[in-house]
Amino acid sequence: KKGAPNAGRPPMSDETRTAIAEALRADGATVSSVARDLGHGRVTVRRIRDERGIEAKLPSDNARN
């Protein structure tokens, strides 16, 4: 339930965040391809991209659905 202890986003390890960031920096990588390959949601991948200051490769990667 909302507001209950531990009801928010589950913690993500630094290793996972680093793996997503490295995958985003690879040639030809997009938010969608990284999300699909690593098994995370596009919103999560976008959030990590934004936190790390990685530039979007496609205009569609800036969309917030």
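Here the structure is a predicted model, which means the values were calculated and not measured.

### Observations concerning the packing of helix α1 (residues 14-25) against helix α2 (residues 31-38)
Running from N to C, α1 and α2 point in directions that differ by 135 degrees, and their axes come no closer than 9 Å. When the axes of α1 and α2 are compared, the pair comes out oblique. The way α1 lies across α2 gives a crossing that is right-handed. In this structure, α1 contributes Ala19, Ile20, Ala23 and Leu24 to the contact, and α2 contributes Val31, Val34 and Leu38. Partitioning the contact of α1 with α2 into residue classes produces seven nonpolar, no polar and no charged.

### Points about the nonpolar core
Across soluble globular proteins, nonpolar side chains have a tendency to be buried as a group. With ten residues, the main nonpolar core is built from Ile20, Ala21, Leu24, Ala29, Val31, Val34, Ala35, Val45, Ile48 and Ile54. When residues no more than four places from it in sequence are discounted, the contact partners of isoleucine 48 are Met12, Arg17 and Ile20.

### Looking at the confidence of the model for the chain
Summing up the model confidence of the chain, the mean pLDDT is 86 and the portion of residues at 70 or higher is 88%. The secondary-structure element of the chain with the lowest mean pLDDT is helix α3 (residues 42-52), recorded at 92, while α1 shows the highest, at 94.

Parameters at a glance
Residues numbered from 1 in each chain as written. Predicted model: local features only at pLDDT ≥ 70, side-chain atom pairs only at ≥ 80, totals over all residues. Heavy atoms only, no water. Axes fitted to C-alpha atoms, helices over the stretch in contact; angles between N-to-C directions. Helix = DSSP H or I, 4+ residues; strand = E, 2+ residues; numbered from the N terminus. Parallel < 35°, antiparallel > 145°, perpendicular 65-115°, else oblique. Left-handed = near helix turned anticlockwise from the far one by under 90°. Contact = heavy atoms within 4.5 Å. Nonpolar A, V, L, I, M, F, W, Y, C, P; charged D, E, K, R; others polar. Core = buried A, V, L, I, M, F, W, Y, C linked by side-chain atoms within 4.5 Å. Buried < 20%, exposed > 50% of the residue type's maximum accessible area, 1.4 Å probe, protein only. pLDDT = per-residue confidence, 0-100.

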